[in-house]
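The residues making up each chain are set out below.
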Amino acid sequence: MLSNKDVAQVLDDIGDTLEIIGENLFRVRAHHRAAESVRTSTKDVNALARAGRLTELSGVGASLAERITELVDTGKMAYYDELKEQVSPRVLELMRVPGLGPRKAKLLFDELHVTTIDELLEAARAQRIRTLPGMSAKTEANIINGIELVRAGQGRMLLHEAYPLASRLVETLRAEAGVETADFAGSLRRMKETIGDIDIIAAAADPSAVTSKFIAGPGVARVLAAGDTKASILTPVGLQVDLRVVSPAEYGSALQYFTGSKDHNIRLRDLAKRQGLKISEYGIFDVKTGNRIGGATEHEIYAAMGLDYIDPELREDHGEIDAAAARTLPVVVTLDDVQGELHAHSNWSDGLNGVKEMAEAAREIGYEYLALTDHAEKLKIAGGMTRADIAARRRVIDEVNKEVAGITVLNGVELNIDNNGDVDYGPELLREFDIRLGAIHGGFAQPREKIMLRLRRAMENKYIQIIAHPTGRIIGKRNPYNVDIEALMDGAAATGTVLEVNAFPDRLDLKDDHAREARKRGVVLSLGTDSHMAAQLSFMMYGVAVGRRAWLEARDIINTRPLAEMLKMLK
DNA sequence: GCCGTTTTCGGCCCGACTGTTTTCAGTCG
């Protein structure tokens, strides 16, 4: 059975192939838009196809619906197969090299029979590329450079790796003489779960002074490009950082433009056009008079179009522009809204720190409560608590609660949902805990029916209040287990079970699209870091980021409530 | 190929840079 991701990949490949053979570019873009729509939908393509409801996905019309249906029904798409006859899928591989688009890739394939990046490098080194029309020795050098880049920057970086690095770079820039202000933009500002490169925008009267300082600064392993207003560098870990310096009057429009997303900007500019306005990275203009209406701040741009300000995390063309026009954007959750931690481990299972250290760290953050949810007995590999441990830890928690003022430590547990959907302890022991998470820790490869049986039984268990990391994915390492997301959400809503947004940086589970759909279905969510040491409590910001990207408001999340109210909301 | 509070046909975001080029195509974000 094909997943949404598989179908999206086919649509993207069709788009790229159409571009190579010189098809209408709007048709190309239509395929990429449809791919994105399928990829981010929580609705299963197979189910939509069966129900004849594929056109409910934005960007999927009658023609694509028919082809997608053929693909999921038969595992093949005649149209795609025909295209593959015309253009080898291997050409698409070449397009991953920066500087190589569809035209040049096709030329290299047709004329030099280059099919892999290795062969491309060989051809460039052998000076065979310069023999082609429109190509020169310079082109060869650029290709060799591009291949190095694609290899150095292989894969994207997790948000929490890029974020502190970018913050430091921005701090340094802001401290420079002549720099009025600076911010990072791009997918990092939108807080996407992974980051390709870091974009930084700065405002200064004398841009070239800023760029030259920047490329000479610390943490620069290599300078890729350096002009008066633009510079690109590589950090020692191979992360590319692009800096653009503009005048203060253009700062807002540059920041808005480089924050993206691309789709958001396309939709925004389309709307501007229909209002007789024009938006570029230099400002917002009246088309008739040519007058500049604004651009010093992002707020000016959105306001000029009659839109409410849109937070960067929402700028994905997922309906935010319509909502801003209708003044129905959500007031999304902030880190300040979070009143307590609901998922953390101490040294009573596989955590590093003791109860008191964890309590003090949580109080330092300003929380009202901290749930220590150590693993239970059956999860031996994580040092799960025996019955004796539970009693002993309870005494320590009571003591710390007396000793450390200003924070309440909750006696929690993370239960293991076994292969039958049962958990570690029986009712009499379960009743002793203040808060009980249930989670799957094994049997990841089981078929959907089996996984769903386990989750369903766990949600029906009246003692399990929260399902932790509901899909089990580890970004870049492990795929989610085979969860029927919609059945999970409907089960959670029906049983009053809370679904966690796990804030641990390589989990972020539920992910943004799923959390947004959960909210729509009336599911209550929680934020938990899954900390295994005190310092990791700060990961909450990444959970909040997922919540914001999911359009969650504070009221959708239980641990934005004071302790008594939060406990009352648990089943 | 998609889509409609200007449209069921005729549009579809905008600008910069690069390289090889005498007016522009390709690529990128």
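Quick caveat, the model's predicted, so the values are computed rather than measured. (Residues numbered from 1 in each chain as written. Chains lettered and ligands numbered in written order. Predicted model: local features only at pLDDT ≥ 70, side-chain atom pairs only at ≥ 80, totals over all residues. Heavy atoms only, no water.)

(A) Looking closely at the layout of surface pockets. In this structure, the second largest pocket occupies an estimated 710 Å³ of space. Ser37, Thr40, Ser58, His318 and Arg516 are the residues nearest the centre of the second largest pocket, which is lined by 24 residues in total. Those elements giving two or more residues to the lining of the second largest pocket turn out to be helix H2 (25-40), helix H14 (262-274), helix H16 (320-325) and helix H22 (512-520). In terms of residue class, the lining of the second largest pocket is built from three nonpolar, seven polar and 14 charged. (1 Å grid on protein atoms, 1.4 Å probe; cavity = no way out; pocket = protein on both sides within 12 Å on 5 of 7 lines; lining within 4 Å. Points joined across faces, edges and corners; volume = space filled by probe spheres on them. Helix = DSSP H or I, 4+ residues; strand = E, 2+ residues; numbered from the N terminus. Nonpolar A, V, L, I, M, F, W, Y, C, P; charged D, E, K, R; others polar.)

(B) Layout of the protein's contact with DNA strand B. Residues in close proximity to DNA strand B total 39 residues, the closest being Gly61, Gly99, Ser136, Tyr257 and Lys273. For DNA strand B, the backbone makes up 69% of the atoms found within 4 Å of the protein, where backbone means sugar plus phosphate. Between a phosphate oxygen of DNA strand B and a side-chain N or O atom of Arg27, the distance comes to 3.1 Å. Contact between DNA strand B and Pro102: a phosphate oxygen at 3.3 Å from a main-chain N or O atom of the residue. (Near = heavy atom within 4 Å. Polar contact = N/O pair within 3.5 Å; in protein donor to acceptor, adjacent residues only side chain to side chain.)

(C) Structural context of the sheet that holds strand E4 (residues 198-204). An order of E2-E4-E7-E6-E5 is seen for the five strands of this open sheet, with the pairing classed as mixed. Every interior strand has two partners, whereas the edge strands, strand E2 (179-184) and strand E5 (222-226), have only one. Here the strands of the sheet are splayed against their neighbours by 20° on average, with no regard to which way each runs. Pairing of strand E6 (residues 230-234) with strand E7 (residues 240-246) involves five bridges; the strand directions are antiparallel. Across the sheet, Ser232 pairs through a bridge with Asp242, a residue of E7. In this fold helix H12 (residues 207-216) packs onto E2, E4, E5, E6 and E7, with an angle of close to 160° to the strand it touches most, E7. (Pairing = 2+ DSSP bridges. Axes fitted to C-alpha atoms, helices over the stretch in contact; angles between N-to-C directions. Contact = heavy atoms within 4.5 Å.)

(D) Focus on the domain arrangement of chain A. If you check the domain split of chain A, you get domain 1 (4-152), domain 2 (157-246), domain 3 (262-325) and domain 4 (335-569). If you look at the interface, domain 1 gives four residues, while domain 3 gives five residues. Of the roughly 270 Å² buried where domain 1 meets domain 3, counting both sides, 44% is carbon and sulfur surface. On the surface where domain 1 and domain 3 come into contact, there are zero salt bridges. Put simply, domain 1 and domain 3 have zero residue pairs in polar contact (both at pLDDT 80 or more) between them. Partitioned by chemical class, the residues of the side of domain 1 that touches domain 3 number no nonpolar, one polar and three charged. (Domains from an automatic or database assignment. Buried area = accessible area lost by both parts, 1.4 Å probe. Salt bridge = Lys/Arg side-chain N within 4 Å of Asp/Glu carboxyl O.)

(E) Seen up close, the packing of aromatic side chains. Going through the model one piece at a time under the given rule, you end up with eight aromatic pairs. Look at Tyr302 and Tyr309: their rings are 6.0 Å apart centre to centre, the planes differ by 90°, and that puts the pair in the edge-to-face class. Looking at Tyr302, the relative accessible area reads 0%, which means it is buried. Relative to Tyr542, the ring of Phe539 has its centre 6.3 Å away and its plane inclined at 55°; by these criteria the two rings are tilted. By the burial criterion, Phe539 is buried, and Tyr542 matches it. Its end group placed over the ring of Tyr79, Arg67 keeps NZ or CZ at 3.6 Å from the ring centre. Stacked on the ring of Phe444, the Lys or Arg Arg478 has its end atom at 3.9 Å from the ring centre. (Phe/Tyr/Trp six-rings, centres within 6.5 Å; stacked < 30°, edge-to-face > 60°. Buried < 20%, exposed > 50% of the residue type's maximum accessible area, 1.4 Å probe, protein only. Lys NZ or Arg CZ within 6 Å of the ring centre and 35° of its normal.)

(F) Empty space enclosed by the protein, seen in detail. Counted by the stated rule, this structure contains two cavities of 30 Å³ or more. When its volume is computed, the largest cavity comes out at roughly 80 Å³. Contributing to the lining of the largest cavity are Glu313, Leu314, Glu316, His318, Asp512, Asp513, Arg516, Arg549, Ala550 and Trp551. Here the lining of the largest cavity takes three residues from H22, the largest share from any one element. Here the residues of the lining of the largest cavity are counted per class, giving three nonpolar, one polar and six charged. No fewer than three residues from each of domain 3 (262-325) and domain 4 (335-569) sit in the lining of the largest cavity. What lines the second largest cavity is simply Leu159, Met191, Lys192, Glu193, Leu508, Asp512, Tyr542, Ala545, Val546 and Arg549. In terms of residue count, helix H23 (residues 540-549) provides more of the lining of the second largest cavity than any other element does, four residues in total. Its residues assigned to classes, the lining of the second largest cavity shows six nonpolar, no polar and four charged.

(G) Spotlight on H2. Counted at 1.5 Å a residue, the expected span for H2 with its 16 residues is 22 Å, and the 23 Å between its end C-alpha atoms agrees. Along H2, the positions that sit buried rather than exposed are Val28, His31, Ala34, Ala35, Ser37, Val38 and Thr40. The elements touched by buried residues of H2 are helix H1 (4-20), helix H3 (45-51), helix H4 (62-74) and H22. Backbone nitrogen of Phe26 and a side-chain oxygen of the N-cap are separated by 2.6 Å at the start of H2; the cap is Asn24. (Expected span 1.5 Å × (residues − 1).)

(H) Focus on the pattern of salt bridges. Applying the stated rule across the entire model yields 39 salt bridges. The residue Arg521 makes a salt bridge to Glu486 at a minimum N-O spacing of 3.0 Å. With Arg521 in the loop between H22 and strand E17 (525-528) and Glu486 in helix H21 (residues 485-495), this pair connects stretches of sequence that are 35 residues apart. Between Arg519 and Glu553 there is a salt bridge, with its nearest N and O atoms 3.9 Å apart. Of this pair, Arg519 sits in helix H22 while Glu553 sits in the loop between H23 and helix H24 (563-569), and the two are 34 residues apart along the sequence. The structure contains a network of salt bridges with shared partners spanning Lys43, Glu486, Asp490, Glu517, Lys520 and Arg521.

(I) Highlighting H4. Over its 13 residues, H4 extends 18 Å from the first C-alpha to the last, a length consistent with the 18 Å expected when each residue adds 1.5 Å. Residues of H4 that are buried include every one of Leu64, Ala65, Ile68, Leu71 and Val72, and no others. End-on view of H4: buried residues confined to an arc of 125°, all on one side of the axis. Across from the buried face of H4, at angles greater than 90 degrees, the exposed residues are Ala62, Glu66, Asp73 and Thr74. At its buried positions, H4 is contacted by H1, H2 and H3. Positive phi shows up at Gly75, right after H4, with a value of about 80°. (Arc of directions from axis to C-beta.)

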